[in-house]
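Understanding the architecture of this molecule
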Amino acid sequence: MELRGKVLKLNELIDHQKDSVVSREIIRKDAGTVTLFAFDSGQGLSEHTAPFDAMVQVIEGEAEITISGEKNRVAAGEMIIMPANEPHAVMAVKPFKMLLTMIRS
């Protein structure tokens, strides 16, 4: 489905799947990416680092996002920035959807 030039509802572009993390890339450019994720409750991304900043915007639900050992609860309508080269992890407190924007330059 072509997404450019259309009004879209983010929460309708991706669905939860039982016991899974689902992703859908919206934009991929040399400067960065924009990706939608849907997490089932208890699912997550293990701790890792990235060489560039990343911004998480929670679309629905709630997650615990750990950055350099500090746990943060983030809910629908909230966002958090994960700094470059800092270890971070994501865990769904309950089913949630997020928009991840990563800037490479």
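Use the structure listed above.
All of the points below concern the structure found in this document. Only a predicted model underlies this, so the values are computations on that prediction, with no experimental measurement involved.

How each quantity is defined
- Residues numbered from 1 in each chain as written.
- Predicted model: local features only at pLDDT ≥ 70, side-chain atom pairs only at ≥ 80, totals over all residues.
- Heavy atoms only, no water.
- Salt bridge = Lys/Arg side-chain N within 4 Å of Asp/Glu carboxyl O.
- Buried < 20%, exposed > 50% of the residue type's maximum accessible area, 1.4 Å probe, protein only.
- Core = buried A, V, L, I, M, F, W, Y, C linked by side-chain atoms within 4.5 Å.
- Contact = heavy atoms within 4.5 Å.
- Phe/Tyr/Trp six-rings, centres within 6.5 Å; stacked < 30°, edge-to-face > 60°.
- Pairing = 2+ DSSP bridges.
- Helix = DSSP H or I, 4+ residues; strand = E, 2+ residues; numbered from the N terminus.

Should the charged atoms of two oppositely charged side chains come close, the side chains can pair. Following the criterion strictly, the structure yields five salt bridges and no others. A salt bridge links D19 to K18, with the nearest nitrogen and oxygen atoms 3.8 Å apart. The residue E64 makes a salt bridge to K71 at a minimum N-O spacing of 4.0 Å. Its relative accessible area of 21% is what places E64 among the partly exposed residues. Relative accessible area serves as the criterion here: at 59%, K71 is assigned to the exposed category.

Before going further, it helps to spend a moment on the nonpolar core. By size, the foremost hydrophobic cluster in this structure holds 18 residues, and its most contacted members are F39, V56, I65, M82, F96, M98 and L100. When sequence neighbours within four positions are dropped, the list of residues in contact with L100 reads T33, V34, T35, F37, A54, M55, V56 and M82. In terms of nonpolar packing, the next biggest core, distinct from the first, is built from eight residues, L3, V34, A38 and L99 among them.

Across all of its chains, the model carries two aromatic pairs by this definition. Through successive ring pairs, a cluster of aromatic residues spans F37, F39 and F96.

For the rest of this paragraph, the subject is the pairing of strand 1 (residues 21-29). Pairing of strand 1 with strand 2 (residues 32-39) involves eight bridges; the strand directions are antiparallel. Residue pairing across strands places V22 opposite A38, the latter belonging to strand 2. Where strand 1 hands over to strand 2, the hairpin turn is made up of two residues, counted between the paired strands.

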